Amino acid sequence: MTSKVPPSTPPATNPEYSIAVSQASVPIAHAVPVNESFTNANAAGEIHCHPKPPPQLSGRPTLLECPFCHHTMVTRTRDRIGACTVGTMFALFLFCCPFFWIPLCCRNCKNTLHYCTNCGAEIGEKTESCC
């Protein structure tokens, strides 16, 4: 024989719960921690988010602050074939076929991806102009 447990009072009608909820209610803009460098509050107290300008990246590892984990470090880089590389290879293939592979060996013809060494996030990409 099983005994049924009477249902408890729903949270909306429970006075203790209602008091706790009303005291804990905080506007969302104030409940989320906000990085001051990303925000600007106007006279009415409204918060507007403005992204930081992208960091100045080069084709080599660069010293900067990660926009994700805010750790100051030298970036880890990886080269990637971009439109410049493919365009140069195509031009060399048309005009000087034996040397079309050379842009694959030149770092100046490739795009450079920058990654944070602390959190591993991709910080940005430096796109190269055509060789």
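Residues numbered from 1 in each chain as written. Predicted model: local features only at pLDDT ≥ 70, side-chain atom pairs only at ≥ 80, totals over all residues. Heavy atoms only, no water.

A. Layout of unusual backbone geometry. The phi dihedral of His70 falls on the positive side, at around 60°, and the residue is not glycine. For His70, the position within the fold is in the loop between strand 3 (63–65) and strand 4 (72–74). Accessibility expressed as a relative area gives 36% for His70, which makes it partly exposed. (Helix = DSSP H or I, 4+ residues; strand = E, 2+ residues; numbered from the N terminus. Buried < 20%, exposed > 50% of the residue type's maximum accessible area, 1.4 Å probe, protein only.)

B. Highlighting the pairing of strand 7 (residues 122–126). Taken together, the 4 bridges between strand 6 (residues 111–115) and strand 7 define a ladder with antiparallel strand orientation. Counted as the bridge partner of Thr112 is Lys126 from strand 7. Here strand 6 folds back onto strand 7, and the loop between the two strands holds 6 residues, one of which, Gly120, carries a positive phi near 80°. (Pairing = 2+ DSSP bridges.)

C. Spotlight on the packing of aromatic side chains. Applying the stated criterion across every chain, the model contains 1 aromatic pair. With a centroid separation of 5.8 Å and 90° between ring planes, the pair formed by Phe93 and Phe100 is classed as edge-to-face. Residue classification places Phe93 among the partly exposed positions, given a relative accessible area of 44%. (Phe/Tyr/Trp six-rings, centres within 6.5 Å; stacked < 30°, edge-to-face > 60°.)

D. Up close: the pattern of salt bridges. Enumeration according to the criterion identifies 2 salt bridges in this entry. As a salt-bridge pair, Asp79 and Arg107 come within 2.8 Å of each other at their nearest N and O atoms. Placement of the pair is Asp79 in strand 5 (residues 76–80) and Arg107 in the loop between helix 3 (83–95) and strand 6, with a sequence separation of 28 residues. We classify Arg107 as partly exposed; its relative accessible area is 33%. With its nearest N and O atoms 2.9 Å apart, the salt bridge here joins Arg80 to Glu125. With Arg80 in strand 5 and Glu125 in strand 7, the pair connects residues that are 45 residues apart, well separated along the chain. Overall, the relative accessible area of 35% leaves Arg80 in the partly exposed class. Glu125 gets classed as partly exposed once you look at its relative accessible area, which sits at 29%. (Salt bridge = Lys/Arg side-chain N within 4 Å of Asp/Glu carboxyl O.)

E. Quick look at the nonpolar core. Formed by Leu57, Leu64, Cys66, Met73, Cys116 and Ile123, the largest nonpolar core amounts to 6 residues. Once residues lying within four places of it in the same chain are set aside, the contact partners of Cys116 are Cys66, Cys69, Met73, Ala121 and Ile123. (Core = buried A, V, L, I, M, F, W, Y, C linked by side-chain atoms within 4.5 Å. Contact = heavy atoms within 4.5 Å.)

F. Just the sheet that holds strand 5, in detail. Across the sheet, which stays open at both edges, the 3 strands sit in the order 5-6-7 with antiparallel pairing between neighbours. One side of each edge strand has no neighbouring strand; the edge strands of this open sheet are strand 5 and strand 7. Pairs of neighbouring strands in the sheet enclose a mean axial angle of 25°, with direction left out of account. Relative to strand 6, strand 5 runs antiparallel, the two sharing 5 bridges. Note that in strand 6 the partner of Thr77 across the bridge is His114. (Axes fitted to C-alpha atoms, helices over the stretch in contact; angles between N-to-C directions.)

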